[in-house]
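Structural overview
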Amino acid sequence: MTLSLDALLDELIERKDVHSAVMSVTSGDGSFQWAGARGVMSPGGPPVTETTPWFIASITKLFIAATVLRLVENGELALQDRLVDRLDTALTHRLHVLDGQDHTDQITLKHLLGHASGLPDFIEDYPKQGPDRRSLVETLLAEGDRAWTLAETTHWVRERLTPHFVPQPLSDPRARIRYSDTNYQLLIGIIETCRGAPFFQVLDELILRPLSLNNTWLSGRYPSSPNNREAEPQVPALYAGADVVQLPNFLADIGDLNSTCDDLTRFLKGLVNGGLFQNPDTWHQMQAHARTFSFPRDRAALRQPGWPIQYGLGVMRFQLPRLFTPFRPMPRVEGHTGSTGTWLFHAPKLDLYLTGAVNQVTAGAVPFKVVPRILKVFNATLAKSGHGG
């Protein structure tokens, strides 16, 4: 089995424009543990190892959602709280205007968590008018790093982008959802306003310290030296194609984290096993109204999660349809991925925790190709031993 995983990792590092890769697979009871790494930290730099921390991209959304749910359990927030009641009017004013009608006051925390708000993605979506039709990510890759605030996010959305649909009732099985980084930037703002403290401070109190996630941090906020970036562990370089991407200020300002395979596995175990929440059933509640993303209908959506991926309240669920696996169905996985080719999943049927990264901004689809192949290794082993079904 480990030989098959090593071979898969070898294939991964041979992919075009993949310069580093790390993966781990751990069973829930700890009886099986495997991790591997390939490539170098940066051009001409030292090799990546199994314990190397890496930029986790939108896996951070699972941390944000868990923080919100902890605040809900504490009675400090409620899923039905309206966005306009939780953030300053200067941020929310006419944020969701579609066909001349303002729907901003309909948006709740639940809409934001479940990507059901209809708000455009401030990073990936394209302006419908104006002289500059580039997305924000294209602008950053062309012009370089910059600081970024929530006020700039809401201004960008309000002035340059158009909502996709009105806020959807997640209780309706036909509810539309569309992935949007804007939703989770607003949730970070709500967390900070609720507690009157920076997001990372709240995250540290409610998530990181209870689970002893000592190797998870926000850029510029490394635990041993919160004001000294030079003291932070090195993470593998991010690439856009063959070019190194340097966006430290922007990535820190939008709240995305760095972590390790071990920390991420421990975090997901804390969610799955109920150890993090006061109510052990909260993890299941986060998936209770999972809806399926639509087929991509525009070029921005092509770079975002789409069919057949489902999304609950901060949780992705993924299972290849039986059409693609007619002989032995792929087990469902639950967790999250990131646009730089990162993944963190639990496969309940096999009780396996899978995590990894390829550190490439064009590799958002890679996890949905790699994870089924990892599971196929374990499915095949179960078939040979006469277990599973």
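Residues numbered from 1 in each chain as written. Predicted model: local features only at pLDDT ≥ 70, side-chain atom pairs only at ≥ 80, totals over all residues. Heavy atoms only, no water.

In the contact formed by helix α8 (residues 181-195) and helix α9 (residues 199-208), the axes pass within 9 Å of each other and the chain directions differ by 80 degrees. Here α8 is positioned roughly perpendicular relative to α9, judged by the angle of their axes. Here I188, I191, E192 and R195 of α8 come into contact with α9, specifically with F199, V202, E205 and L206. Here the residues of the contact of α8 with α9 sort into five nonpolar, no polar and three charged. (Axes fitted to C-alpha atoms, helices over the stretch in contact; angles between N-to-C directions. Helix = DSSP H or I, 4+ residues; strand = E, 2+ residues; numbered from the N terminus. Parallel < 35°, antiparallel > 145°, perpendicular 65-115°, else oblique. Contact = heavy atoms within 4.5 Å. Nonpolar A, V, L, I, M, F, W, Y, C, P; charged D, E, K, R; others polar.)

Counting residues in each nonpolar core, the largest one holds 115 residues, and the members touching the most others are F63, I207, F250, F267 and I374. Broken down by element, the residue count for this core peaks at eight residues, all from helix α2 (residues 60-73). Filtering out sequence-adjacent residues up to four positions away, I207 remains in contact with F63, A66, T67, R70, L213, F267 and L276. (Core = buried A, V, L, I, M, F, W, Y, C linked by side-chain atoms within 4.5 Å. Buried < 20%, exposed > 50% of the residue type's maximum accessible area, 1.4 Å probe, protein only.)

Strand order in the open sheet formed by eight strands is β2-β1-β15-β14-β13-β12-β11-β10, and the pairing between neighbours is antiparallel. Each having just a single partner strand, β2 (33-39) and β10 (291-292) make up the two edges of the open sheet. Here strand β1 (residues 20-27) runs beside β2; their pairing, made up of seven bridges, is antiparallel. Within the sheet, the bridge partner assigned to T26 lies in β2 and is Q33. (Pairing = 2+ DSSP bridges.)

Before going further, it helps to spend a moment on the pattern of salt bridges. Taken as a whole, this structure holds 17 salt bridges when the rule is applied. With its nearest N and O atoms 3.1 Å apart, the salt bridge here joins E205 to R195. A residue pair is termed long-range when its members are at least 10 positions apart, and E205 in helix α9 and R195 in helix α8 qualify at ten residues. Take R195: its relative accessible area is 25%, and that puts it in the partly exposed class. Measuring nitrogen to oxygen at the nearest pair gives 3.0 Å for the salt bridge that ties D263 to R266. Of this pair, D263 and R266 both sit in helix α11 (residues 261-272), separated by three residues, roughly a single helical turn. Residue D263 is classed as buried on the basis of its relative accessible area, which comes to 2%. Here the salt bridges share partners, and the residues they tie into one network are D6, D10 and R38. (Salt bridge = Lys/Arg side-chain N within 4 Å of Asp/Glu carboxyl O.)

So, on to the layout of surface pockets. One number sums up the size of the largest pocket: a volume of about 1,000 Å³. If you list the elements that add at least two residues to the lining of the largest pocket, you get α2, α6 (136-143), α8, β7 (238-240), α10 (248-253), β13 (333-338) and α13 (367-385). Of the residues assigned to the lining of the largest pocket, the class counts are 31 nonpolar, ten polar and eight charged. Space inside the second largest pocket adds up to approximately 550 Å³. (1 Å grid on protein atoms, 1.4 Å probe; cavity = no way out; pocket = protein on both sides within 12 Å on 5 of 7 lines; lining within 4 Å. Points joined across faces, edges and corners; volume = space filled by probe spheres on them.)

For the rest of this paragraph, the subject is the packing of aromatic side chains. By the definition in use, this model includes eleven aromatic pairs. Centroid distance W148 to F250: 5.9 Å. Interplanar angle 70 degrees. Geometry classified as edge-to-face. Note that W148 is positioned in the loop between α6 and α7 (150-160) and F250 in helix α10, a separation of 102 residues in sequence. Residue classification places W148 among the buried positions, given a relative accessible area of 5%. Taken together, a centroid distance of 5.0 Å and an interplanar angle of 80 degrees make the contact between W217 and Y222 edge-to-face. Look at Y222 and you get buried, because its relative accessible area is 14%. An aromatic cluster of three or more residues is present, and its members are F122, W148, W156 and F250. When the ring centre of W156 is taken as reference, the NZ or CZ atom of R160 above it lies at 4.3 Å. (Phe/Tyr/Trp six-rings, centres within 6.5 Å; stacked < 30°, edge-to-face > 60°. Lys NZ or Arg CZ within 6 Å of the ring centre and 35° of its normal.)

In this section: the sheet that holds strand β9 (residues 257-259). Strand order in the open sheet made by the three strands is β3-β9-β6, with antiparallel pairing throughout. Two strands in the sheet have a free side with no partner beyond their single neighbour: β3 (54-55) and β6 (217-218). Looking at chain direction, β6 and β9 are connected through two bridges and run antiparallel. Among the inter-strand pairings, L218 is bridged to a residue of β9, identified as L257.

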